[in-house]
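The residues making up each chain are set out below.
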Amino acid sequence: MKIKLIYYAQVRRAAAMESETVTAADGIGLAEAVRQAAERHGEAFRTLVLDDAGSIRPVVLVLLNGVPATRGESRALRDGDEISMLSAVAGG
Amino acid sequence: MRIYVAEHAVDVDAGTRLYELRRRMHPEADVVVRNGAPAAADCELADDDRVIFIRRGEVPAEADLEALMMARHTPGVHARVKRATVGLAGAGGLGSAVAVALARTGVGRLVVADFDVIEPSNLNRQQYFMDQLGLLKVDALKANLARINPYVRVETHARRLTPDNVPGIFQDVDVLVEAFDAAAAKVMLLESFTRAFPDRPIVMASGLAGHGPCETIKVNRMGARVHVIGDLVSEARPGQGLMAPRVGIVAHMQANTVLRLLLGETAE
């Protein structure tokens, strides 16, 4: 199946691209799709979006098809799904 | 002829003079404003004149105040926003400024949550005063808003927001403003609010530190109900502080985004 990952700000800079459409295995979950993106884009991307345990960092906004995904989003991704990612920064 | 006194239509005889009208309608008034400028002397009124009588220190009645405050509003805006409830998660640099803007706009009700007290370093950007140091931010903000628009209802929560209490505190809001400082708290709020209320919009902020160019600050629409305002990169950190101008830009863009959402328009 095909899924699209959309990157904002520092995540975009770390990936060196605005977005990408990738072929993913059926049944893959959101967290795993992000881990695979980290493998593709290298250390700067990985440390920005994942913690030492390989989980999505708590400062990363993740939306699945425009809807905020929770840390524990468990449903399997579907063909055509879009994952958006932004690393929030302090200040307010 | 027809004139308007405190935005209410009044029919008067041709030749009626301004001070005569004051004696008749509001003899205690200290200040008379005619057509947007203080009247320095008596004069004959003209058709369509707009007159306001002010007695210093007197708060107008609600209907009069609404008409007067909203005289410069786009027609129809106030009637819609006065029915709205807006949540503010945080009453610091962003939250206090958004609250002031929405109170001046006449939003009906604000629900404000913040655990913190006012300290001197806050005053470089937050909407508080020297004589409020040490007060809970939510208490000081409520008092300040009452001085701006006493008819906005303000519900306060002096507590730290958590995933468990966010749904209860903001259960009635039409839209939520994220006005936190910590990045992880921003994401926590997004997840806990949208999990509880998936159909309600949230207006967030990220990237407002320093004094970089104004034009890099944008409304980033990340989903149908998620708007993130800022330049997305300017992190508050040692060497790059939070200061009133840029914080104020983002706060007012948040307030305008809220206004557009309440009016059913696309936010950006």
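Conventions adopted
- Residues numbered from 1 in each chain as written.
- Chains lettered and ligands numbered in written order.
- Predicted model: local features only at pLDDT ≥ 70, side-chain atom pairs only at ≥ 80, totals over all residues.
- Pairing = 2+ DSSP bridges.
- Helix = DSSP H or I, 4+ residues; strand = E, 2+ residues; numbered from the N terminus.
- Buried ≥ 20, exposed ≤ 12 C-beta atoms within 10 Å, placed from the backbone.
- Contact = placed C-beta atoms within 7 Å.
- Core = buried A, V, L, I, M, F, W, Y, C linked by C-beta atoms within 7 Å.
- Domains from an automatic or database assignment.

**With respect to the sheet that holds strand E1 (residues 2-7) of chain A**
Two modes of strand pairing occur in sheets, parallel and antiparallel, and in both the strands are linked by backbone hydrogen bonds.
Residues and elements named next belong to chain A.
Part 1: Spatially, five strands are ordered E2-E1-E5-E3-E4 in an open sheet, and the strand pairing comes out mixed. What marks the edges here is a single partner per strand, and that holds for strand E2 (19-23) and strand E4 (67-68).
Part 2: Summarising the sheet, strand E3 (residues 60-64) and strand E5 (residues 82-87) pair through five bridges and their orientation is antiparallel. Bridge pairing in E5 places Val 60 opposite Ser 87.

**Things to note about the environment of B:Leu208**
Part 1: Position of B:Leu208 among the secondary structure elements: in the loop between strand E10 (202-205) and strand E11 (218-223).
Part 2: Given 30 C-beta atoms within a 10 Å radius, B:Leu208 is considered buried.
Part 3: As a C-alpha pair, B:Leu208 and B:Arg246 span 38 residues in sequence and 6.0 Å in three-dimensional space.
Part 4: Filtering out sequence-adjacent residues up to four positions away, B:Leu208 remains in contact with A:Gly91, B:Gly230, B:Ser234, B:Leu242, B:Arg246, B:Val247 and B:Val250.

**Examining the nonpolar core**
Part 1: A:Met85, B:Leu88 and B:Val98 are the most contacted members of the largest nonpolar core, which has 94 residues in total.
Part 2: Per-element tally for this core: the top contributor is helix H8 (residues 244-262) of chain B, with nine residues.
Part 3: Residues B:Ala6, B:Leu21, B:Val32 and B:Ile52 belong to the second largest nonpolar core, which totals eight residues.

**Side note on the domain arrangement of chain B**
Part 1: Taken as a whole, chain B is organised into domain 1 (2-58) and domain 2 (77-262).
Part 2: Each of domain 1 of chain B and domain 2 of chain B has a C-alpha centre, and the two are 39 Å apart.

**So, the pairing of strand E2 (residues 8-11) of chain B**
Residues and elements named next belong to chain B.
Part 1: For strand E1 (residues 2-5) and E2, the ladder comprises four bridges, and the chain directions are antiparallel. Looking across to E2, one finds that Arg 2 is bridged to Asp 11.
Part 2: The turn linking E1 back onto E2 is made up of two residues, and Ala 6 within it adopts a positive phi angle of 50°.

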